[in-house]
Amino acid sequence: MLRVSVLWRRPGFNLEATFAAPTPGVIALFGPSGSGKTTLVNMIAGLVAPDSGEIRLGEELLTDTRAGIAVAVERRRIGYVFQDARLFPHLSITANLRYGEKRARGVPRFIDFDEVVALLGLEALLARRPRQLSGGERQRVALGRALLAQPRLLLLDEPLASIDVARREEVLPYLERLRDRLAIPMVYVSHQFEEVLRLATHMVLLESGRVVAEGSVSAMSLRPELQRVVGPDLVGAVLDGVVKRLDPANGSAELAIGTGTLQVSLQGVPLGTRVRLQVLARDVILAIQPVQGLSVRNALAGTVTTITKDEWGALVTMDVGGAAVLARITDNALTALRLRPGDAAWTLFKAVSTRGHAFRLAGAPQGGN
Amino acid sequence: MNALLGPAELEALGLSLNVAARSVCFSLPLAVLAAWVLTRTRFPGRTLFDAFVHLPLVLPPVAVGYVLLVLFGARGVLGAWLQRHLGIELAFTTAGAALATAVMSFPLMVRAIRLSLENVDRGLEDAARTLGAAPFDRFLSITLPLMLPGILAGAVTAFAAGLGEFGAVITFASNVPGVTRTLPLALYTAMQSPTGDALALRLAVLSFTLGLLGLLAAELLVRRVRTLLGR
């Protein structure tokens with residue numbers, strides 16, 4: 001567990017954050033710019049001291065203002081990948097990577113130089129200098145450098161923010177690999193919901209210096225606090241499932257979610273892969289009778305759990321075989337269907353509407369690679 | 001060319017190089033320390049310390065030489081102690097000329113080093129901390145290499161300036177041929193002599209050339225190191 005409970009007051013900004021997140025796993029600190037995410041990770045790293053509070057990793061107290069405990073940054077063994085990489089300009093890539101490794105003598109090792117180079121695809125960069133690298137390459141080196149210091153926790157502060165959107169794929173797949181192959185807990189700071197969707201196992205939502213909600217990504221996707229932050233277009237239930245059947249000819253796969261199955265557009269994943277799927281609320285259709293003769297591949301029987309009215313109409317939460325799905329409908333539709341909590345209804349959405357919204361969570365359990 | 005560098009000129013040149021080199025070796029570590037204190041620490045009296053470091057820039061060199069004489073002369077507080085316990089004699093010696101030169105060029109050096117230290121990205125030091133580097137380790141492996149252009153520029157400029165230090169040297173170390181008669185002192189002596197016009201001219205040309213070479217070397221060195229540091 002990573003337990004944080006801190007207070008930090010400055011003119012114009014108060015940070016008052018408390019959360020407890022399970023480890024290992026990827027804890028996403030999510031929130032708009034200026035919500036205090038970076039200050040919070042700096043406190044975990046020890047670079048910023050809270051006015052009061054405590055920070056505990058597992059059994060160890062890193063910071064406890066009441067007991068006067070503040071473990072020095074260099075002795076915390078917490079890796080930090082900064083937004084701007086911060087590679088040492090006077091050292092080669094190899095020397096950058098080795099910097100923390102050299103200083104981690106007598107520390108339990110979980111990864112060595114060759115493994116890091118292979119894992120992050122750094123072979124071709126080793127002899128170069130930081131200024132000769134692209135933004136994405138720099139971040140991969142920064143990741144490797146942090147890992148080689150054999151940290152107990154890895155902090156990533158918007159590692160993709162300084163990279164062109166088109167080039168983020170030079171880094172994201174590597175982050176997924178780290179999550180899937182290493183047992184190291186990570187704290188991932190981001191204000192991009194898609195990154196959180198792809199990487200996180202636990203989510204802490206920050207707004208103006210306060211933790212407004214936390215929980216698993218699926219649970220958080222149903223919370224109005226998160227919906228408010230991501231905006232109306234990205235609202236949608238997040239479902240974690242397992243690939244049960246493949247239909248390569250169709251470019252689709254069947255996912256087991258809750259007690260039911262869903263058809264989604266998904267290619268290139270083996271059977272048994274854990275997949276995370278976001279079903280956007282605006283792509284979901286509700287029906288109060290079974291419908292026929294439609295191209296829609298998913299028609300799931302369920303029950304209305306809650307109905308929330310807001311400025312864009314109504315957001316209906318459906319319980320579909322133990323999984324929750326959100327549907328966005330207009331006020332007129334709500335009136336016409338006369339939906340109320342407890343009513344039975346069919347939830348319809350197209351398999352293709354999930355394209356680009358399904359992410360592989362971890363390698364196949366067979367451990368093919 | 002032989003006419004330019006006769007024995008008197010060579011002696012003065014050698015002595016100037018000797019004094020300047022010693023003064024740089026002596027003041028460099030202290031200048032790095034002073035630059036560090038002025039850039040990175042906050043304490044009451046810091047402004048006063050800053051002014052004190054820069055004092056030789058504005059004081060008449062003769063006044064600096066006089067203060068040194070009072071402190072480090074044979075009967076000065078520090079001078080007597082040094083002589084009794086370490087056998088070091090400073091007044092009227094080459095070492096004394098080097099000390100006077102070091103004091104005079106100290107502010108120049110501190111300024112150059114301080115400027116480079118202010119340009120070192122603190123974020124890199126934070127990164128080194130998260131990678132397990134303790135303060136002194138961090139200084140040696142990150143801060144110092146990144147300050148190198150400023151340190152070199154400071155050292156070369158101080159060296160070039162040190163070749164020509166006059167007032168403080170003649171006051172504190174006097175004008176002893178072969179011991180403290182550096183280039184400017186030899187030039188001054190030649191000017192005082194009714195037959196020294198030619199010698200004075202040659203010494204002046206020599207000083208001018210050395211100063212120019214020194215400044216050029218500083219500039220080239222800094223550029224070279226910057227490239228090596230990846231800027």
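Asker: An account of the overall build of chain A is requested, with residue identities and associated values reported.
Answerer: Helices and strands together make up the secondary structure of chain A, namely 10 helices and 21 strands. Against the 2.2 N^0.38 benchmark of 21 Å for 369 residues, chain A shows a C-alpha radius of gyration of 22 Å, consistent with a compact globule. Expressed along its principal axes, the backbone C-alpha trace of chain A runs to roughly 65 × 50 × 35 Å. For chain A, the residues scored as buried account for 44% of the 369 residues in total.

Asker: How would you summarise the overall build of chain B if you had to cite specific residues and measurements?
Answerer: Along chain B, the regular secondary structure elements total 10 helices and 0 strands. Put simply, chain B runs from its N terminus to its C terminus through helices and strands in the order α-α-α-α-α-α-α-α-α-α. Counting across all 231 residues of chain B, residues that qualify as buried make up 41%. The contacts of chain B with a sequence gap of at least 6 include a subset with a gap of at least 24, amounting to 74%.

Asker: An account of the interface of chain B and chain A is requested, with residue identities and associated values reported.
Answerer: Taken together, the 16 residues of chain B in the interface contact 21 residues of chain A. Considering each element in turn, the side of chain B that touches chain A owes the most residues, 6 residues, to helix α6 (residues 122–130) of chain B. Tallied by class, residues from the side of chain B that touches chain A come to 9 nonpolar, 4 polar and 3 charged.

Asker: Tell me what's going on with the domain arrangement of chain A, and back it up with residues and numbers.
Answerer: Residue and element names in this part refer to chain A. Splitting chain A by domain gives domain 1 (2–230) and domain 2 (237–362). Its C-alpha centre places domain 1 at a distance of 33 Å from the equivalent point of domain 2. Listed per partner, the contact involves 8 residues of domain 1 and 12 residues of domain 2. Of all the secondary-structure elements, those providing two or more residues to the side of domain 1 that touches domain 2 are α7 (193–199) and α8 (217–221). The dominant element in the side of domain 1 that touches domain 2, judged by the number of residues it contributes, is α8, at 3 residues.

Asker: Before we move on, can you summarise the environment of Gly144(A) with the specific residues and values?
Answerer: Residue and element names in this part refer to chain A. By the secondary structure assignment, Gly144 is in helix α5 (residues 135–148). Since 27 C-beta atoms lie within 10 Å of it, Gly144 is described here as buried. Taking C-alpha positions, Gly144 is 9.3 Å from Val81, a pair spaced 63 residues apart along the chain. Beyond its immediate stretch of four places on either side in the chain, Gly144 contacts Leu97, Val116, Leu120 and Leu122.

Asker: Lay out the sheet that holds strand β19 (residues 323–329) of chain A with the relevant residues and their values.
Answerer: Residue and element names in this part refer to chain A. An order of β16-β20-β17-β18-β19 is seen for the 5 strands of this open sheet, with the pairing classed as antiparallel. Two strands close off the open sheet at either side, each with one partner strand: β16 (285–287) and β19. In this sheet, neighbouring strand axes are inclined to one another by 45 degrees on average, regardless of whether the strands run parallel or antiparallel.

Asker: Provide a residue-level description of α5(A), including the pertinent values.
Answerer: Residues and elements named next belong to chain A. The end-to-end C-alpha distance of α5 is 20 Å, a good match for the 20 Å that 14 residues give at a rise of 1.5 Å each. Of all 14 residues making up α5, 13 are buried, and the element is well covered by its neighbours. Where α5 terminates, the next one or two residues include Gln150, which has phi positive at roughly 55 degrees.

Asker: Run through the nonpolar core, naming residues and quoting values.
Answerer: If you look at the biggest cluster of nonpolar residues, it comprises 170 residues, and the most contacted ones within it are Ile27(A), Ala28(A), Leu155(A), Val187(A) and Val204(A). It is helix α5 (residues 94–118) of chain B that contributes the most residues to this core, 15 residues altogether. There are two domains that each give this core at least three residues, and those are domain 1 (2–230) and domain 2 (237–362) of chain A. Once residues within four sequence positions are removed from consideration, Val187(A) is found in contact with Ile27(A), Leu29(A), Val41(A), Ile44(A), Leu153(A), Leu155(A) and Leu156(A).

Asker: Which residues make up the pairing of strand β2 (residues 13–21) of chain A, and what values go with them?
Answerer: The sheet contact formed by strand β1 (residues 2–10) of chain A and β2(A) spans 9 bridges and is antiparallel. Each bridged residue has a counterpart across the sheet, and for Ser5(A) the counterpart in β2(A) is Thr18(A).

Asker: Residues and numbers for the environment of Ala112(B), please.
Answerer: Residues and elements named next belong to chain B. Considering the arrangement of structural elements, one finds Ala112 in helix α5. The class for Ala112 is buried, based on 25 C-beta atoms found within 10 Å. Residues Ala112 and Val19, spaced 93 residues apart in sequence, show a C-alpha to C-alpha distance of 21 Å. Excluding residues within four positions of it along the chain, Ala112 makes contact with Gly150, Ala153, Gly154 and Thr157.

Asker: For the confidence of the model for chain B, give the residues involved together with the corresponding values.
Answerer: All names here are of chain B. On average, residues of chain B score 89 in pLDDT, and 97% of them are at 70 or above. Looking at the elements of chain B, mean pLDDT is at its lowest for helix α4 (residues 77–86), recorded as 84, and at its highest for α6, recorded as 96. Across the interface, the model reports ipTM at 0.86; the global pTM reads 0.85.

Asker: Account for the packing of α6(B) against helix α7 (residues 135–162) of chain B, naming residues and giving values.
Answerer: Residues and elements named next belong to chain B. Interaxial distance between α6 and α7 falls to 10 Å at its minimum, and their mutual angle equals 140 degrees. For the element pair α6 / α7, the angle class is oblique. By crossing handedness, the relation of α6 to α7 is classed as right-handed. Along its contact with α6, which presents Leu124, Glu125, Ala128 and Arg129, the element α7 presents Arg138, Ser141, Ile142 and Thr143.

The rules behind the values
Counting from 1, residues in each chain are numbered in the order their sequence is written. Throughout, the order in which chains and ligands are written sets their labels, letters from A for the former and numbers from 1 for the latter. Thresholds applied to this predicted model are a pLDDT of at least 70 for local features of residues and 80 or more for the giving and counting of side-chain atom pairs; totals over whole chains, interfaces and linings are not thresholded and use all residues. Helix and strand labels come from DSSP, where a helix needs a run of H or I of at least four residues and a strand needs a run of E of at least two; each type is numbered from the N terminus. Only C-alpha atoms enter the radius of gyration; for comparison, a globular chain is expected to reach 2.2 Å times N to the power 0.38, where N is the number of residues. The burial criterion counts other C-beta atoms lying within 10 Å of a residue's C-beta, which is placed from the backbone; the residue is buried at 20 or more, exposed at 12 or fewer, and partly exposed between these limits. Once C-beta atoms have been placed from the backbone, residue pairs whose C-beta atoms lie within 7 Å are recorded as contacts. Three classes are used, and their members are as follows: Ala, Val, Leu, Ile, Met, Phe, Trp, Tyr, Cys and Pro are nonpolar, Asp, Glu, Lys and Arg are charged, and the others, Gly among them, are polar. An automatic or database domain assignment is the source of the domain bounds shown. Here a strand pair is declared whenever DSSP counts at least two bridges between the two strands. Each axis is a line fitted through C-alpha atoms, and for a helix only the stretch in contact is used; angles between axes span 0 to 180 degrees, taken between their N-to-C directions. In this analysis, the expected span of each helix is defined as 1.5 Å times one less than the number of residues it contains. Note on definitions: a nonpolar core is a set of buried residues drawn from Ala, Val, Leu, Ile, Met, Phe, Trp, Tyr and Cys, linked by C-beta atoms within 7 Å. Along the chain, pLDDT gives the predictor's confidence residue by residue, from 0 to 100. Each angle gets one of four labels, with under 35 degrees taken as roughly parallel, over 145 as roughly antiparallel, 65 to 115 as roughly perpendicular, and the rest as oblique. Left-handed describes a crossing in which the near helix is turned anticlockwise from the far one by less than a right angle; the clockwise case is right-handed.

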